[in-house]
Amino acid sequence: MLLRIALRNLRLHWVRTMIVGFLLGAGTCLVVVGQGAIDAIQAGVRKSVVDTLSGHLQLYSSNAKDELELYQSAALAVPDLDQIDDFAKVRDALTTVPEVDAIIPMGLGRSIVWGESTLETKLIELRRAITDGPRDRVPSLIAHIRLLCGTLVGDLDKLAKVAADTKEAEQQKADVLRANSDAFWSEFEKDPDTALEFLDNRIAPLGLQTGIYFFNYVGTDLQSYGKNFGLFRIESGQMVPDGQRGFLFNRFFYEKNVKNRTARRLDEIKEARDLAGALIATNSDLQRQIERNRQQVGQITDQLDAERGQLVKAALQKELGSTEPDLNKLVGEFLQTTDENFDARYEAFYRIIAPQIRLYAYMVGDTISLYGQTKSGYPRAVNVKVWGVFRYEGLERSGLAGVYNLMDLMSFRDLNGMSDPIRPEELQAIRERAGIKTIDRDKAEDELFGGDSDLVAEVDNTAFDALAGNDISGLRRAAQEAQNSAFTQAELEAGPVVNAAIFLKDPAQALENLEDIQARVAAALEKSGLPVKVVPWTEARGTLVSSLSSGITIFFFVLVGIIFLVALIVIVNSLLMSTMERVQEIGTIRAMGAQRSYVVKMFAIEAGAMTVIFGTAGMALGAAIVLALGAQGVPATSEVLFFVFGGKTLNPVLEVGHLGVAVLAIGIVTLFASLVPAIVASRIPPIAAMQAKE
Amino acid sequence: MTQQPSSSNHIVALENVTKDYPLGKTTVHALRGVDIALDKGEFAVLAGPSGSGKTTVLNLIGCVDVATTGQVRIAGQDTKVLSESARTNLRLHTLGFIFQSFNLIPVLDLYQNVEFPLLLRNDISKIERKRRTLELIERVGLTKQMKQRPGELSGGQRQRVAIARALVTRPAIVLADEPTANLDSATGQSILDLMREMNRDGTTFLFSTHDPQVMSVARRVIRIFDGKIAADDHGLQPQADTHPAAAAH
């Protein structure tokens, strides 16, 4: 009977009921959808972090001065994490923990790479052509180099007017003129080594530097990394072969930082147009990109020798229907893109220009010289061969996932001066050739700043010049020695690492009882007396990423909170109105002998009925939305979202627990909402029945 | 619970009752010393112009209000010393109400309205509830309209429903506040006839009215004026009893 009264009342005041119902339903729906989304986001972040960088657990030295924060390491200064002295011991210690599937040795680092000017690149190509062939490329390379020297003379003239050291400026100009002279090149064939040395030392540094790159990288057991990190895919080139040194570019980094800037800007404009629907006509960022492309035509034309220049000129003239004879002006005109012609120009760029230029500063097969320093400030360099470009499946557009490139662990150790007991004599040889004396890392301070003068390191100019970027040939050659040396798995594993990633056999366990397993891993390490600590991925990812996912969660709860607060106010208001309208009815019921509690019950049931009806509807709608979104996926539209979604789309999941939480939430809201009106109603005196309405 | 055997033969007993209402800064003296005693089975009218205090008397007897001074005893119980909850219980078991504006619950149909007071009691079985409800609906002649809602009924029909509802709990006293005020005279007459008939079962009826038609059917008319009893005429012969059975009484 009470239920009937409640339902009839709800139907009688259907407008009010619908408003309240809509809020309750929307709130419930949001709770269900929001939880589905949050769960999916948490799973997405977990995937993005665990399957690209952290694994389920991370190990690092308990002597570390800083905390391991995987993503901060790339953004700020490389933290002081000390090192795990012998990875193999850790590996062995953890064989006692059956849940552990794989342990991947790691080290995070950052190196400086001096961006090579076109002149440098051409000189490297020339050296390679002379030593390794093909010899028939030599004439065209020489022609190109002389062309670049020609433009360099003009640049130097301009510089000389503002230069402080006119003497040096004059010397530089003389060098360039010599490099551009017929006499120099006629001598070249007789003694290419000396000529190349001159060009490397005197001319190459004068070229327009393409800047300094910061390469963040993870030094690791690449084979093991590739096997265990689920999102890792080789995009082009190949995996570094087992036992070999090498470098793998992260595709995101490769596209953003290594690609020809004009091409990259075109890519960015295309992405903004395609993904975010931006228009060149209205977007000042895009206009600026186009302006830069127009001004920096040298990014393209400098790379074109006479022959290629002709090819591009002819094709562009045809493409644009222009008779412009000047290649620079022609390219400038070509890059003047609008919303109307962009897609055609973009296509034409990759068809006409891209094949004729070096699209990336470093291509698969190239060797990169990475410069770094040890913790004691000691300069280091390694050369590594680029074997391929990799991507993380679904995270190709994520900047966070795009932070780290990959490198073999041996090169990492060399570059970061981590003592390598396996081949000390080999390193010694390298050092001697580079004119660098070994300094024990632990005693570096003493040796550099105190103690016997005999022990002070003799560092020749080559090393310092190398860091200054003036003459990198010495260190470059030294680094080259190590480049091709192979290593065994035992050598790889027996050395020091900075950190390590642990994968569990059963990924479901990583969700349910990661803490237990973490404790067991910690116990095993302690038992073996290893000063190594273990942290879960949630901690290792660092505050940057955890605040990202917690931020989204907080946003959701605030949103739900606001909706329910509004619902609460509206329900209170509505029930109070309902009370006021029914004063006589309630009075009558009381006069007939209904206790106060009966009236409270009456209101509770009315609110409860509303909750059940609209809560169920809201849950059903929410479940339907979650299922639909889960099947279809919400596309990621920004860099961050790709990471947060753990891929291209977010696929929310529906769980019974979500519905339970929704029931709980709406129940609490209803309870609070009906409390005050019910009490007010129960205080209506029975005498109210006697007071006629009209 | 205060039992006073000396006056226990009266189902309703008001002794020197006053009732004051605060009205802004002044006080309205609605009742200034009223004595009324009703015996079981009486059919009495409380007459007087509006504002005379008759509704106040009904409220006090109906236990929806308490006297300022004096004593109101219903079925031997002093209402003033009872708790709110106990007064509610007294209403539920001893009193029935018929209101001037019927006060049916709009969202319930006729049957449910009549049944409602029984649902408040937990001493009546489902079968008994149904039996009593159907019986009373039949007695007020609305069996055919059982599934209709108050909004679909005429004023007279609604008041019949209200009578059925007031009687379904078999109360000792039925209080009716101007039960015919919202009805035309013919309908009002039929309602009065119906109540007379119910009265024969021994239920005490007390009306408030200023309608001469109502007064003419009463055997006792208590006239109230300015919060005091002006006259109390016992043993009147009801003149306009159109019910054949009533004439024989």
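Residues numbered from 1 in each chain as written. Chains lettered and ligands numbered in written order. Predicted model: local features only at pLDDT ≥ 70, side-chain atom pairs only at ≥ 80, totals over all residues.

What is the right way to read the overall build of chain B from this model?
Each helix and strand counted, chain B has eight helices and ten strands in total. Against the 2.2 N^0.38 benchmark of 18 Å for 249 residues, chain B shows a C-alpha radius of gyration of 18 Å, consistent with a compact globule. Taken along the three principal axes of its C-alpha coordinates, chain B extends 50 × 40 × 40 Å. Burial statistics for chain B: of 249 residues in total, 45% are counted as buried. (Helix = DSSP H or I, 4+ residues; strand = E, 2+ residues; numbered from the N terminus. Rg over C-alpha atoms; globule rule 2.2 N^0.38 Å. Buried ≥ 20, exposed ≤ 12 C-beta atoms within 10 Å, placed from the backbone.)

Looking at this structure, how should I read the sheet that holds strand E3 (residues 43-47) of chain B?
Strand pairs in the sheet, formed through backbone hydrogen bonds, run parallel or antiparallel to each other. Residues and elements named next belong to chain B. Read from one edge to the other, the open sheet built from six strands follows the order E6-E7-E8-E3-E9-E10, with strand pairing classed as mixed. Single-partner strands in this sheet number two, and they are strand E6 (95-98) and strand E10 (228-233). With direction set aside, neighbouring strand axes in the sheet form an average angle of 20°. (Pairing = 2+ DSSP bridges. Axes fitted to C-alpha atoms, helices over the stretch in contact; angles between N-to-C directions.)

Any chance you could explain the domain arrangement of chain A here in plain terms?
Quoted interface sizes are often the accessible area lost when the parts come together. Residues and elements named next belong to chain A. As far as domains go, chain A holds domain 1 (2-47 + 545-686), domain 2 (116-210) and domain 3 (275-358). Taking the mean C-alpha position of each, domain 2 and domain 3 sit 28 Å from one another. Of the residues lining the interface, seven residues belong to domain 2; the matching set on domain 3 comes to six residues. For the side of domain 2 that touches domain 3, the elements supplying multiple residues, two or more each, are helix H5 (118-132) and helix H6 (138-162). Sorting elements by how many residues they give to the side of domain 2 that touches domain 3 places H6 first, with five residues. Each residue belonging to the side of domain 2 that touches domain 3 can be placed in one class, and the counts come to three nonpolar, four polar and no charged. (Domains from an automatic or database assignment. Contact = placed C-beta atoms within 7 Å. Nonpolar A, V, L, I, M, F, W, Y, C, P; charged D, E, K, R; others polar.)

What exactly am I supposed to notice about the pairing of E3 of chain B here?
In regular strands, side chains alternate between the two faces of the sheet. Across the five residues that make up E3 of chain B, a large majority, five, are buried. Here E3 of chain B shows a buried face lined by Phe 43, Val 45 and Ala 47 of chain B and a second buried face lined by Ala 44 and Leu 46 of chain B.

Whenever I open this one, the sheet that holds strand E2 (residues 26-39) of chain B confuses me. Can you help?
Residue and element names in this part refer to chain B. With antiparallel pairing, four strands are arranged side by side in an open sheet as E2-E1-E4-E5. Lying at the two open borders of the sheet, with one neighbouring strand each, are E2 and strand E5 (77-78). Looking at chain direction, strand E4 (residues 69-74) and E5 are connected through two bridges and run antiparallel. Counterpart to Arg 73 in the pairing with E5 is Asp 78.

Could you clarify how one ought to interpret the environment of Ala 494 of chain A in this entry?
Residue and element names in this part refer to chain A. Within the secondary structure, Ala 494 sits in the loop between helix H23 (489-493) and strand E9 (499-504). Residue classification places Ala 494 among the partly exposed positions, given that 16 C-beta atoms sit within 10 Å. Note: C-alpha distance between Ala 494 and Glu 347 (147 residues apart in sequence) is 51 Å.

Help me out: how do you make sense of the interface of chain B and chain A in this one?
Contact residues are listed per partner, giving 23 residues for chain B and 22 residues for chain A. Taken together, the elements giving at least two residues each to the side of chain B that touches chain A come down to helix H1 (54-61), helix H2 (84-94) and helix H3 (110-119) of chain B. It is H2 of chain B that provides the largest number of residues to the side of chain B that touches chain A, a total of five residues. Within the side of chain B that touches chain A, the residues separate by chemical class into ten nonpolar, ten polar and three charged.

Help me out: how do you make sense of the packing of helix H15 (residues 306-320) of chain A against helix H17 (residues 342-353) of chain A in this one?
Packed helix pairs are specified by the crossing angle of their axes together with the interaxial distance, meaning the distance between the axes. All names here are of chain A. Close contact between H15 and H17 brings their axes to 10 Å; oriented N to C, the two are set at 155°. The pairing of H15 with H17 is recorded here as roughly antiparallel in orientation. Seen from above, H15 lies across H17 with right-handed handedness. Facing H15, whose interface residues are Val 312, Ala 315, Leu 316 and Glu 319, H17 presents Ala 348, Ile 352 and Ile 353. For the contact of H15 with H17, the class distribution of residues is six nonpolar, no polar and one charged. (Parallel < 35°, antiparallel > 145°, perpendicular 65-115°, else oblique. Left-handed = near helix turned anticlockwise from the far one by under 90°.)

Which parts of the structure should I look at to understand helix H6 (residues 185-199) of chain B?
In an α-helix, one turn spans 3.6 residues; hence positions three or four apart end up facing the same way. In a regular helix each residue adds 1.5 Å, so 15 residues correspond to 21 Å; H6 of chain B covers 21 Å between its end C-alpha atoms and thus fits that length. Buried within H6 of chain B we find Gly 188, Ile 191, Leu 192, Leu 194, Met 195, Arg 196 and Met 198 of chain B. (Expected span 1.5 Å × (residues − 1).)

Could you clarify how one ought to interpret the confidence of the model for chain A in this entry?
Atomic detail in the predicted coordinates should be set aside for any region of low pLDDT. Residues and elements named next belong to chain A. On average, residues of chain A carry a pLDDT of 81, and 86% of them reach 70 or more. Note that pLDDT drops below 50 for residues 420-424; the model gives that stretch six contacts with residues more than four away or on any other chain. Overall, residues 444-472 carries pLDDT values under 50, and its contacts beyond four positions in sequence, including any with other chains, amount to 42 contacts. (pLDDT = per-residue confidence, 0-100.)

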